[in-house]
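# Descriptive analysis of the structure
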Amino acid sequence: MFEQSRKSKPAWVPVFIALSGLAYTILNALGQGQELCITAGCTLFKDITVQGYSLWWAGSLFFGLVLILGLLGKRTLAFSLASLALLCDIFLLLFMAVTAPCVPCLVVAAVMALLFLALQPGDSHGRKKGNVLLVLWLFAFCPNIVATVNETMGTWAMYGKDRADMQVFFSPSCPVCQETVTRLSANPDARIAFFPVAETPDDVATISAMQTSLEEGTSLLVAFNRALRASAPDRDIPLSLRWNLFRNKAHLGSLGVTRIPVIITNGVPKSLLAHPAPSSAPVISMPAGSPATPSVDPLLPDINGFAGCGDDAGVPCKE
């Protein structure tokens, strides 16, 4: 009788964990607590619903049921429910691992795992089965942590405003990059952000000289030209600058980029859609039965030729 009475006592540690999970999932279901939405997976998973209901409500239902079972002292039933939830979470974590990590989802996953551990039975057989499930969960959870760190590492803009309309990744030793930066930086009011990339050892010193000029208040164009004209300075390169350059290069690597410059735009530049004046060149009529040739709209700009330097561009950066 004493043992039965002890088993029916509330499980306060699991109750506290379940209450925390319940509050967190309800906040997210109501659209609150978006401060942790720092990865692309947040946007992806917030649109996933079941019969029109957000998955956050499913999490709230789970934590609410475990909370009630914990207050009633039904540890065995609560543990079975937690095991089922952790098994389902493994598949969700694997899906995130191959798509995009969602930090709020990872927080809930961690709370589920803590709840599972708190409800584990004391006998060795039950713990052995629980440990197998927990190992599988860790196998699915850890890749998401790595992906989150990689995504939040972000990039470093040497010059430009937040939410720029155009992002330009360039290397000072790339001739095409030099022309690109010169043209795009001519208008200081343009919403363009510039991200330096070191392709050669001298690039690091050149970029460091550019940063020094920018800190003195010069424009990007002046800083860029001044750094290109100067000989490679014999100076100590701050570790922070090397780290920032590594971040930019790692980001391009994750995109599969093999040549620079790289230009990323929010939308399509109006100049690309603008129709130039029709050409005055004569129209050549093809006789009937001639081999078909690809039709090209003479009003569209040429977007088939791209210049740059890199491994597959035919124009390596200076060495």
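Residues numbered from 1 in each chain as written. Predicted model: local features only at pLDDT ≥ 70, side-chain atom pairs only at ≥ 80, totals over all residues. Heavy atoms only, no water.

On the surface, a cluster of nonpolar side chains totalling about 540 Å² of accessible area is made up of Leu84, Leu87, Phe91, Leu94 and Phe139. No other element matches the four residues that helix α5 (residues 75-98) contributes to the nonpolar patch. Structurally, Leu87 is set in helix α5. (Patch = residues over 30% accessible without salt bridge, like charges linked within 9 Å, V, L, I, M, F, W, Y side chains within 5 Å. Areas by Shrake-Rupley, 256 points an atom, 1.4 Å probe, with all protein chains shown as cover. Salt bridge = Lys/Arg side-chain N within 4 Å of Asp/Glu carboxyl O. Helix = DSSP H or I, 4+ residues; strand = E, 2+ residues; numbered from the N terminus.)

On to α5. The end-to-end C-alpha separation of α5 is 34 Å, in line with the 34 Å expected for 24 residues at 1.5 Å each. Here α5 has its buried residues at Ala78, Phe79, Ala82, Ser83, Ala85, Leu86, Asp89, Ile90, Leu93 and Met96. (Expected span 1.5 Å × (residues − 1). Buried < 20%, exposed > 50% of the residue type's maximum accessible area, 1.4 Å probe, protein only.)

A few words now on unusual backbone geometry. Going from Ile260 to Pro261, the amide bond is cis rather than trans, its omega being 5 degrees. Following the sequence through the fold, Pro261 ends up in the loop between β5 (259-260) and β6 (262-265).

Turning our eyes to something else, we now look at the nonpolar core. Phe62, Phe63, Leu86, Leu93, Leu115 and Trp137 are the most contacted members of the largest nonpolar core, which totals 37 residues. Contributions of two or more residues to this core are made by α2 (12-29), α4 (55-71), α5, α6 (103-119) and α7 (124-152). Looking at this core element by element, the count peaks at 10 residues for α6. When sequence neighbours within four positions are dropped, the list of residues in contact with Leu93 reads Leu106, Ala109, Trp137, Ala140, Phe141 and Asn144. Membership of the second largest hydrophobic core comes to 32 residues, among which are Cys177, Ala198, Leu214 and Leu241. (Core = buried A, V, L, I, M, F, W, Y, C linked by side-chain atoms within 4.5 Å. Contact = heavy atoms within 4.5 Å.)

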